[in-house]
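A look at the structure
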Amino acid sequence: MKTLRNVIIFVLVIAVLVIIKLKFFPGNTPQVMPQQQGKPQAVTVTAYIVKPEKLNNKIYISGTLLSNEEVTLMPEVAGKVLSIAFKEGSAVKKGDLLVKINDDDLQAQLKKLQLQEKLASEKEARQKKLFAINGISQEEYDASLTQLNSFAADIEVLKAQIAKTQITAPFNGIVGLKNISEGSYVMPGTPIATMQQSDPMKLDFYVPEKYVSLVKVNGKLTFTTEVGNVKHDAVVMAIEPKVDAATRTIQVRAKTENKSGNLFSGSFVRIEFSLEETEDALMIPTESIIPILKGQKVFVSRGGKAEEVKVETGLRSENKVQILSGLVAGDTVIATGIMQLKSGSLLNISSIKD
């Protein structure tokens, strides 16, 4: 009887544990689910039909405006400034006197030399008459002539020194702010003011090396400044015949008119440079391009499946990129959903972009 009772108790305990298991831990019960095997799911994408289109080859570059001519006015000799003959910010003409430096000592020396030259000239004239009648030797006449020429040369040297006391305008332009006042003592190299010729103006910029062969003298370009969105025209006037080894760019200089006076030297400008036009460029959306280790690739739809194609790209527009090789007109390039694709993926093209 005792053994039977123990068996009954054991069975009851097992039954209670099973009930607790089923009631409170139903998720832990192992279930065998039948394995479902179906057809591969198609990836929904949008596509773009490759077709030839016109490509205006433009590049956008930053540049700097420069005066056509610019110089810092500086004296060549030391001395006191007697007069300043220009107004700050005023227009002057080539040859106008701008600054006069004291030259009293030089003028006194000039008068002395001129008197000595006069006496030497009279002496040379007398010696010449005597030499004509063999009254003096050739050597004596040559000495008087040499003395006369020596005084004349000294006068020319002194006149050149006097000219250095006058600072004149080297070209037509505008004089900037002065750095000295009348009565100041200046030394050679003391900056007095700057002078600029601002019409026309130069425009300097740098073009990447790969575009060097496309940049031509007399080529046209447009640019805008930081002030307003007005477009200005310019023409390429010169190209530096050397590529900068550090930046792999070439310097280009253009010229632009500034009759309105609204352009200023040193201003930053944004340049739109038209290099050439291609009538039948193959363009695809920029988002279709996938960078890879040794180049770039795209996915195309062929037979309803995705296929990888390695491509070579060229110029870029705002939202498209030129394809130089790898695709032909009529190819269907996948534009969106490319991150879910692999070669052989089934495609469900929902729409085709223009």
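For the structure itself, consult the block above.
Residues numbered from 1 in each chain as written. Predicted model: local features only at pLDDT ≥ 70, side-chain atom pairs only at ≥ 80, totals over all residues. Heavy atoms only, no water.

Brief notes about the overall build of the chain
- The helix and strand inventory of the chain stands at three helices and 19 strands.
- The proportion of buried residues among the 354 residues of the chain is 33%.
- Pairs at least 24 apart in sequence give 73% of the contacts found in the chain among residues at least 6 apart.
- Roughly 22800 Å² of accessible area belongs to the chain as shown, and the carbon and sulfur atoms make up 55% of that amount. (Helix = DSSP H or I, 4+ residues; strand = E, 2+ residues; numbered from the N terminus. Buried < 20%, exposed > 50% of the residue type's maximum accessible area, 1.4 Å probe, protein only. Contact = heavy atoms within 4.5 Å. Areas by Shrake-Rupley, 256 points an atom, 1.4 Å probe, with all protein chains shown as cover.)

Some points on the nonpolar core
- Membership of the largest hydrophobic core comes to 24 residues, with the highest contact counts inside it found for L203, F205, V207, L221, F223, I271 and F273.
- Secondary structure elements with two or more residues in this core: strand 2 (52–73), strand 9 (193–208), strand 10 (220–225), strand 11 (232–244), strand 12 (249–256) and strand 13 (268–285).
- Ignoring any residue separated from it by four or fewer positions in sequence, one finds L221 in contact with L203, F205, H232, D233, A234, V236, A254, I271, E272 and F273.
- By size, the runner-up hydrophobic cluster in this structure holds 17 residues, among which are V81, I84, F171 and V175. (Core = buried A, V, L, I, M, F, W, Y, C linked by side-chain atoms within 4.5 Å.)

Details of the packing of aromatic side chains
- All chains considered together, the criterion is met by one aromatic pair.
- On the numbers, 5.6 Å between centres and 15° between planes, the contact of F131 with Y141 is stacked. Of this pair, F131 sits in helix 2 (residues 104–132) while Y141 sits in helix 3 (residues 138–163); the two residues are 10 residues apart in sequence, bridging distant segments of the chain.
- A relative accessible area of 27% places F131 in the partly exposed class.
- Looking at Y141, the relative accessible area reads 12%, which means it is buried. (Phe/Tyr/Trp six-rings, centres within 6.5 Å; stacked < 30°, edge-to-face > 60°.)

Describing the sheet that holds strand 6 (residues 166–168)
- The strand order across the open sheet formed by four strands is 6-5-3-8, and the pairing between neighbours is antiparallel. A single partner strand is all that each edge strand has here, and the edge strands are strand 6 and strand 8 (185–186).
- Alignment of strand 5 (residues 97–101) against strand 6, held across three bridges, turns out to be antiparallel. Pairing of K100 across the sheet is with Q166, part of strand 6. (Pairing = 2+ DSSP bridges.)

Some thoughts on the pairing of strand 9
- By the bridge criterion, 10 bridges tie strand 2 to strand 9 in an arrangement that is antiparallel. Residue T64 lies in a different strand from strand 9, and its bridge partner there is D204.
- Here strand 7 (residues 173–175) runs beside strand 9; their pairing, made up of two bridges, is antiparallel. Looking across to strand 9, one finds that I174 is bridged to Q196.
- Alignment of strand 9 against strand 12, held across eight bridges, turns out to be antiparallel. Each residue of the ladder has a partner; that of K202, found in strand 12, is K255.

Quick notes on the pattern of salt bridges
- Taken as a whole and judged by the stated rule, the model has seven salt bridges.
- K231 is paired through a salt bridge with E272; the nearest N and O atoms lie 3.8 Å apart. Taken together, the positions of K231 in the loop between strand 10 and strand 11 and E272 in strand 13 put the pair 41 residues apart, joining distant regions of the chain.
- Taking relative accessible area as the criterion, K231 reaches 55% and is therefore assigned exposed.
- By relative accessible area, which is 16% here, E272 ends up buried.
- K297 is the partner of E308 in a salt bridge, and the nearest nitrogen-oxygen pair spans 3.1 Å. Of the two residues, E308 is situated in strand 16 (residues 305–316) and K297 in strand 15 (residues 295–302); the sequence distance between them amounts to 11 residues. (Salt bridge = Lys/Arg side-chain N within 4 Å of Asp/Glu carboxyl O.)

Some points on helix 2
- Given a rise of 1.5 Å per residue, 29 residues ought to cover 42 Å, and the 42 Å separating the end C-alpha atoms of helix 2 matches this to within 8%.
- Along helix 2, the positions that sit buried rather than exposed are L106, L110, L113, A120, E124 and Q127.
- In this structure, the buried residues of helix 2 make contact with helix 3. (Expected span 1.5 Å × (residues − 1).)

Section: the side chain of K100
- On the secondary structure map, K100 appears in strand 5.
- The exposure class of K100 is buried, given its relative accessible area of 13%.
- Within polar-contact distance, the side chain of K100 engages the side chain of D103 at 2.9 Å.
- Beyond its immediate sequence surroundings of up to four residues, K100 is in contact with K80, V81, L82, S83, I162, T165 and Q166. (Polar contact = N/O pair within 3.5 Å; in protein donor to acceptor, adjacent residues only side chain to side chain.)

Describing the pairing of strand 18 (residues 332–336)
- The buried fraction of strand 18 amounts to four of the five residues, a majority that puts the element mostly inside the structure.
- Taken together, the four bridges between strand 1 (residues 43–49) and strand 18 define a ladder with antiparallel strand orientation. Paired with Y48 across the bridge in strand 18 is V333.

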